[in-house]
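Here is how the chains run, residue by residue.
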Amino acid sequence: MPPIVLPAIPQRITVHLGAPSQYAANVTVPFADYVKNVASSEIYPTWDESALEANILAIVSFALNRVYTEFYRSRGYDFDITNSTAFDQAFVNGRAYFENISRLVDRLFNDYLRRPGFVEPLAAKFCNGTTVTCEGLSQWGSQNLAQRGFNSVQILRNYYGNVEIVNDAPIRGITSSYPGTPLRRGSSGPAVVVVQVELNRIAQNYPAIPKLAATDGIFGSRTEASVRRFQEIFGLTPDGIVGKATWYALVRLYTAVTALSELRSQGQQFYSINWEYPDPIQQGDTGDKVRHLQYMLSILSDFIPSIPPVAVDGIFGPATRDAVVAAQLRFGLPQTGQVDDRTWDEIYDQFSGIETTALRNSEAFPPLRQNAVPAMAGGSTQPMRYARTPTLTQFPGEALRLGRQDPISREVIR
C-alpha cells in the first residue's frame, strides 16, 4: 500500500506582526496558543458552540495550510504567517483568551479540514459576512446557521462544500520540508520523490522542463537534466543540484500551479509512488526495488545495532539477506530472509519514522560537510548522510571518569 501522507501540526508557529513586506517584529508561539489568540480575536465567545467549533477548525486549517505549503518561507521570509487580515488572520500579541474558546481549542487544535482525496489542509478562508464578504465561511453566517440547529460539520460543508475532518494529526517540531543537505545525482529517498513529483507537475505548465517517466526516488541523469532545465528557466544556478534555493523555488512553483494555498485548489493527490510493497523480494533479485530496500535497511542499521549495514547497489546478495533476517528478528517476524508484504511494511514504517523525525533534525544529525553528497561519496557504496552525534548514541560500555576524552571530539570531560 502507498505511504500515508499526513501533514503534521507544528509545535510552534512564527507570526509576523504586520503585512508580509512591512518591517515588523516576529513572535514565535505554541501553535495551540496561536489558534486561541486568533479565535479570541476573530469570533465572539457568546456564540453557539457549533459555530465556535466550525470557526476554530477553519482557523486551524488556514494556518496549517500556510505552514504546510511554506507559503511565506518559500518566498524567503523568516515567518510562517502574518497577523494582517488582508492576507491572513487576526492575531493580537499578548492578548488574553476566552475560557470557553481556550477549552475548545485544546480539543480541536490538531484537527483540520481537507477535501477527500487531497493531502493539503484546506485553505479555509473566511470573513465576517457583514462588512466584508468572501467566497469562504461567513463568521456571522455560521452563528445564524448554528441557531437554526446546524452542527459544526454541517456549517463547514455549507460554506466549503465537500470537506472532511482529519482528527488527531501528529504534532512535530520540524516544519521545514528541505531535507537539510543538497540532493544530486546518486541521491535517493522520499525527498527525491518530492522533487520528481514537483518537477512533473510544474512541467505541465512549463513544457520545456523534461518530464520524468518514473517518480522512483532515485536521482539519476534524467532527474538531473530536469532540475537543470528548471533552474535555467527560473534564473537559478544551472548545476543540476537541488540545494535550498532550488528546493524552495520548486515548492513555490508547485504551490502556485496547483493553487494549494487557495480555496479552490487543484489538490495535492495522495502519491502512489514506488515505495509501496512490490512482489516478494529475495536473494538473487536485482533492480530499483532492491535498491529501495537496501536504502531503508542502511538507515535502520544506523539506529538499530542488530541490523548490519548493507551496500545500496541494487543486488540482493547474502549481506542484504542477513540484514533482512536481522530486521525480521528485531520486528518479531518469521526470519525467512525474503521480503514479503509484512516485512516490507514494517521496514518502511520504521524507516519513515526515522526519516521524518530524526534525519531532518540538523541539530541532532548535522551534515557531514557543506555540499555533502547524500547518497554515495568518494566511490563508496555505503550511504553517507549525516554525522553521528555522541549525545544520541548508546551507553559506551564503560564508565566515564575525570580526564576521559571523546575519541572524536577530544573534548575533556570536567
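Residues numbered from 1 in each chain as written. Predicted model: local features only at pLDDT ≥ 70, side-chain atom pairs only at ≥ 80, totals over all residues. Heavy atoms only, no water.

So, the pattern of salt bridges: which residues are in play, and what are the values?
Close approach of charged atoms lets side chains of opposite charge pair. Summed over all chains, the structure comprises 11 salt bridges. Notably, a salt bridge pairs Arg-114 with Glu-164, separated by 2.7 Å at the nearest N-O pair. Of this pair, Arg-114 sits in strand E5 (residues 112–114) while Glu-164 is found in strand E8 (residues 164–166), placing the two residues 50 residues apart along the sequence. Look at Arg-114 and you get buried, because its relative accessible area is 14%. For Glu-164, a relative accessible area of 26% translates into the label partly exposed. Notably, a salt bridge pairs Glu-135 with Arg-264, separated by 2.3 Å at the nearest N-O pair. One end of the pair, Glu-135, is in the loop between strand E6 (126–127) and strand E7 (137–138); the other, Arg-264, is in the loop between helix H8 (244–258) and helix H9 (288–303), and 129 residues separate them in sequence. (Salt bridge = Lys/Arg side-chain N within 4 Å of Asp/Glu carboxyl O. Helix = DSSP H or I, 4+ residues; strand = E, 2+ residues; numbered from the N terminus. Buried < 20%, exposed > 50% of the residue type's maximum accessible area, 1.4 Å probe, protein only.)

With reference to specific residues and values, describe the sheet that holds strand E4 (residues 81–82).
Backbone hydrogen bonds are what pair the strands of a sheet, in a parallel or an antiparallel way. Strand order across the open sheet formed by 3 strands is E3-E2-E4, with mixed pairing between neighbours. Each end of this open sheet is capped by a strand with a single partner; those strands are strand E3 (26–30) and E4. Bridging between strand E2 (residues 12–16) and E3 involves 5 bridges; their strand directions are antiparallel. The residue bridging His-16 from the neighbouring strand is Asn-26, located in E3. Packed onto the sheet, helix H1 (residues 31–42) meets E2, E3 and E4 and runs at close to 105 degrees relative to E3. (Pairing = 2+ DSSP bridges. Contact = heavy atoms within 4.5 Å. Axes fitted to C-alpha atoms, helices over the stretch in contact; angles between N-to-C directions.)

Which residues make up the nonpolar core, and what are the values?
The biggest cluster of nonpolar side chains holds 47 residues, and the ones touching the most others in it are Ile-13, Phe-31, Tyr-34, Val-35, Ile-56, Leu-156 and Tyr-160. Mapped onto this core, the elements with two or more residues apiece are E2, E3, H1, helix H2 (49–68), helix H3 (99–108), E5, helix H4 (139–147) and helix H5 (152–160). At 12 residues, H2 tops the list of elements feeding residues into this core. Ignoring sequence-local partners within four residues, the contact set of Leu-156 consists of Ala-54, Leu-57, Leu-113, Leu-137, Gly-161 and Val-163. Core analysis: the second largest hydrophobic core is formed by 25 residues, Ile-209, Trp-247, Leu-250 and Leu-253 among them. (Core = buried A, V, L, I, M, F, W, Y, C linked by side-chain atoms within 4.5 Å.)

Give me the lowdown on the packing of H4 against H5, citing residues and values where you can.
Relative to each other, H4 and H5 sit at 135 degrees, their axes nearing to 10 Å. As judged from the angle between their axes, H4 and H5 are oblique. Regarding H4 and H5, the two cross each other, and that crossing is right-handed. Contact with H4, carried on its side by Gly-141, Ser-142, Leu-145 and Ala-146, involves Ile-155, Asn-158 and Tyr-159 of H5 and no other residues of that element. (Parallel < 35°, antiparallel > 145°, perpendicular 65-115°, else oblique. Left-handed = near helix turned anticlockwise from the far one by under 90°.)

So what's going on with the state of the cysteines? Residues and values would help.
A complete count under the given rule lists 1 disulfide for this structure. Here Cys-127 engages in a disulfide with Cys-134; their sulfurs sit 2.5 Å apart. With the S-S dihedral at roughly -95 degrees, the linkage between Cys-127 and Cys-134 falls on the left-handed side. Cys-127 gets classed as buried once you look at its relative accessible area, which sits at 9%. Overall, the relative accessible area of 36% leaves Cys-134 in the partly exposed class. (Disulfide = S-S within 2.5 Å.)

I'd love a proper account of the packing of aromatic side chains, names of residues and values included.
Enumeration according to the criterion identifies 12 aromatic pairs in this entry. Judged by centre distance (5.7 Å) and plane angle (20 degrees), the ring pair of Tyr-34 and Phe-91 falls under stacked. With a gap of 57 residues between them, Tyr-34 in helix H1 and Phe-91 in the loop between E4 and H3 connect regions that are remote in the sequence. Summarising the aromatic geometry, the rings of Tyr-178 and Trp-247 are spaced 6.1 Å apart at their centres and angled 70 degrees between planes, so their arrangement reads as edge-to-face. Residue Tyr-178 is located in the loop between strand E9 (171–172) and helix H6 (190–205), and its partner Trp-247 is located in helix H8; the two are separated by 69 residues in the primary sequence. Take Tyr-178 and Trp-247: they sit in the same class, and that class is buried. Counting every residue linked through ring pairs, the aromatic cluster contains Phe-71, Tyr-72, Tyr-77 and Phe-79. Geometry around Phe-71 places Arg-66 over its ring, the cationic atom sitting 4.0 Å from the centre. In this structure, Arg-75 packs its charged tip against the face of Phe-71, placed 4.2 Å from the ring centre. (Phe/Tyr/Trp six-rings, centres within 6.5 Å; stacked < 30°, edge-to-face > 60°. Lys NZ or Arg CZ within 6 Å of the ring centre and 35° of its normal.)

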